[in-house]
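Secondary and tertiary structure notes
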Amino acid sequence: MSSFLSQEVPLSWYLILSAILFSLGVAGFLIKRNLITIFMSIELMLNGVNLSFVTFAHQWHAVKGQIFVFFVMMVAAAEAAVGLAIIIAVFRARATLAVDRIDRMKL
Amino acid sequence: MNYSFHLWLIPILPFAGFLINGILGRRLPKWLVTSFALLAPFASFFVVLDCARLAYSYGYTVCKGCVATSGSIFLPNVETCPLPWLNISALHIDFSFVLDQLSLVMLLVVTGVGFLIHVYSVGYMNDDEGYARYFSYLNLFLFFMTVLVLAGNALVMFVGWEGVGLASYLLIGFYFQKKSAADAGKKAFIVNRIGDVGFLIAMFLLVANFGTLTFTEIAAKLGQDPGWQGGVVTVIALCLMLGAAGKSAQLPLYIWLPDAMEGPTPVSALIHAATMVTAGVYMVARTHVLFAHSPFALGVVAVIGTATAIFAATIALVQNDIKRVLAYSTISQLGYMFLGCGVAAYSAAIFHLVTHASFKALLFLAAGAVIHSLGGEQDLRKMGGLWRKLPVTFAVTTVGVLAISGFWPFAGFFSKDAILYAAFFHGTGGKLLWFVGVLTALLTSFYMFRLWYMAFMGESRSPEIHPHESPWSMRGPLVILALLSIGGGWIGIQRISVFLEPSVGVIVPDAGSYHFSFSTYHFSLSWELILSIVAVFMALEGWLLADKFYRRKPARPAQCATVLPGTYNLLVNKYFVDEFYGATVVKPLLAFSKYILEWVVEIGILGGAAWMLGGIANFAGAILQRWQSGNLRSYAAWLAAGAAALLLFLLVPWATALASLGAIHLGVAGH
């Protein structure tokens, strides 16, 4: 038991989790119709990638990976702000958030 | 010392007039356009006169290896542009002008008659909208014509040669809204191109065989080596003759000249009677050394000239358009000039060129005055009785008709007589040429008096028209030209030939029997008198015939037409030459253009290729546009599929490597 607790979590578990998160994001992006859900799937993909960055940074004792993660988080925050504003504008214009029905540039 | 005449001024002045009137003419007031247009040719006429005065006052010297002394002027005076024009390995061509006796005579005609016709045009074109355009073209013509005349080598001459063709095209098609005028311009241009091919080939052959295009150098090389005889020289001479036949409207390329009458009448007088069409004669005289070395080519020139003379004269017998009668008469008279060249009597040909320029310009301008006063009517059958209404025009036309018919003492008598006299003493075939020439003189007299009777005599056939005499700007030139037509012949063939001797009378070895020089030939007075009397008698006979047909028995022409319907039809339809060319040249060419060039090449190959390229792009677009659905999730799916494909491609080598590793491992394990 103590041996189990004292043991480190293997690297592959992190990577597998990261891949699962990313795949969930991709699947959600492809399957979901709601624009906001799609938006959230994008965040999921970004965080899946973040996790693998952190993992490798820890593995190789390189701080660069963690810096990357901060960058990604910062960009994601900005993106969330802009993206949500666009989504609101789209909703006001078309009264729908179903991407299948938002397939024209012009109204 | 070579005195400088500043020959470049002669062409450049009309060119300045062309530029000013061509660019600014529309915005300038009319009086300014007129003064520029008249000043340019007058100034260049003045320069020519000055050259002539200088040449005479210093006493021109013929330079044949003599040492130049200061103060004297030598008359082949060459002035070359200081910059070389073409410099291709061994071939040097300069832009050079040459003033000698021949070009001096020609320049006096071109600028003198040209100026008179400019003056006349002021009255004639007064009401025309394209007044400035007309004068800019006319000045352009004078520019190119003087370049042609002054040319010191064949290439400079060719520049002028093509340029006058362009000016002629522009002026024939002056009333370009009229389809017939535009077509006539194109016809003239295209037929002239055929002749120009001859000129070009002749130039290529000259470069290939003599290595130069300068007239004096060619003459020198021919003179050095008596071996030049026939062969390639004949080919060059015949090619030059083809060019001359195109420009001077000789058989078989004369067809453009009658149609060229679509242009304004002063243009017909200047370009299509007095100056441009004589360029061919001038060119043959200029290159006479080549012809002198090829008796065959000379014979061809003589035969073409004679045949054209009588051919055109017979057509002129039955034409009813006053300008067309004159056009065929011009072709016929040009035939005389070529006959003169063909019997090596170049001075006689140039003499006839000069007198013809005055009386034919006179006749055309008089015809223009008639047409002008009748409000554009050109049909002889609707004229008549004009002598009372247009006394001045009537008087000058009478002078012109007497001159062209060859009555003593008018200008035409002397020059035509000189040509016929030379022909008579030219070998064995000369008698035949002379006979045809005299017969043509009879026809000439007949159709000119026919015109005279139909237009001016009898009673008016259109009483509703009230003609009025033209303004003085038109009558002035007419009177001056009439005086020239009366007195011009008195220069005399002997004085002309002595004057031209240095230019065209170079004694050529081995061509003694073909060389005919009036200055060295002792005139046989009795022969000359007999031949002259025969010629005048023929002219008189023509007059009497015309008098009988068109005054005493007006029913006679119609009777003749019914008695000889075949001949009459042949003549009225101008021997069906236009139809013949239409069937043999124009139709096949059009068919070739339509079926081969249009259908096969244009529609089939070019159109097909364009259609196929367009089709491919269209098809690809039709397929690819389905991608651009606008559906976000489909884009995302393609993106994911792409990423998956990329991954797969990266993984395949890994997978195969892994598989082979596994197989080895299994194989080892199996042991």
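Provided above is the structure to which this section pertains.
Residues numbered from 1 in each chain as written. Chains lettered and ligands numbered in written order. Predicted model: local features only at pLDDT ≥ 70, side-chain atom pairs only at ≥ 80, totals over all residues.

Describing the overall build of chain A
- Secondary structure summary: chain A contains four helices and zero strands in total.
- For chain A, the succession of helices and strands along the chain, N to C, is α-α-α-α.
- At 18 Å, chain A has a C-alpha radius of gyration far larger than the 13 Å of a compact globule built from 107 residues.
- Counting only C-alpha atoms and orienting by the principal axes, one finds that chain A spans roughly 60 × 25 × 20 Å.
- Taking all contacts inside chain A whose residues are at least 6 apart in sequence as the whole, residues at least 24 apart take part in 49%. (Helix = DSSP H or I, 4+ residues; strand = E, 2+ residues; numbered from the N terminus. Rg over C-alpha atoms; globule rule 2.2 N^0.38 Å. Contact = placed C-beta atoms within 7 Å.)

Observations regarding the overall build of chain B
- Helices and strands together make up the secondary structure of chain B, namely 26 helices and two strands.
- A compact globule built from 671 residues would reach a C-alpha radius of gyration of about 26 Å, whereas chain B, at 34 Å, exceeds it by more than 25%.
- In terms of overall dimensions, chain B has C-alpha extents of about 140 × 70 × 55 Å along its principal axes.
- Within the span of chain B, comprising 671 residues, buried residues form 49% of the whole. (Buried ≥ 20, exposed ≤ 12 C-beta atoms within 10 Å, placed from the backbone.)

So, the environment of Leu386 of chain B
All names here are of chain B.
- Positionally, Leu386 belongs in helix H16 (residues 386-389).
- Between the C-alpha atoms of Leu386 and Met457, which are 71 residues apart in sequence, the distance is 6.7 Å.
- With near-sequence residues (within four places) excluded, Leu386 lies in contact with Val370, Phe394, Ala455, Phe456 and Pro467.

Considering unusual backbone geometry
Residues and elements named next belong to chain B.
- Cis geometry marks the peptide bond from Leu251 to Pro252; its omega dihedral reads -5°.
- Along the polypeptide, Pro252 turns up in the loop between helix H8 (232-247) and helix H9 (256-259).
- The omega angle of the peptide bond from Trp408 to Pro409 is 5°, so this bond is cis rather than trans.
- Checked against the element boundaries, Pro409 lands in the loop between helix H17 (391-405) and helix H18 (411-424).
- Look at Ala344: it is not a glycine, yet its phi comes out positive at around 65°.
- Position of Ala344 relative to the elements: it lies in the loop between helix H14 (322-342) and helix H15 (346-373).

Thoughts on the interface of chain A and chain B
- Residue-level contacts link seven residues of chain A with eight residues of chain B.
- Split into classes, the residues belonging to the side of chain A that touches chain B amount to four nonpolar, no polar and three charged. (Nonpolar A, V, L, I, M, F, W, Y, C, P; charged D, E, K, R; others polar.)

A look at the nonpolar core
- Counting 214 residues, the largest nonpolar core has Phe141, Leu240, Ala349, Ala361 and Leu362 of chain B as the members making the most contacts within it.
- No other element matches H15 of chain B, which puts 18 residues into this core.
- Ignoring any residue separated from it by four or fewer positions in sequence, one finds Phe141 of chain B in contact with Val164, Ala167, Leu171 and Ile271 of chain B.
- Val26, Ile38, Phe39 and Val99 of chain A belong to the second-largest nonpolar core, a separate cluster that totals six residues. (Core = buried A, V, L, I, M, F, W, Y, C linked by C-beta atoms within 7 Å.)

Let's talk about the pairing of strand S1 (residues 77-88) of chain B
Residue and element names in this part refer to chain B.
- With one of 12 residues buried, S1 is to be regarded as a mostly surface element.
- Inspection of the sheet shows S1 paired to strand S2 (residues 91-99) by eight bridges, in the antiparallel sense. Looking at S2, one finds that Glu79 is bridged to Phe97.
- Counting the residues that bridge the hairpin from S1 to S2 gives two residues, and of these Ser89 lies at a positive phi of roughly 40°. (Pairing = 2+ DSSP bridges.)

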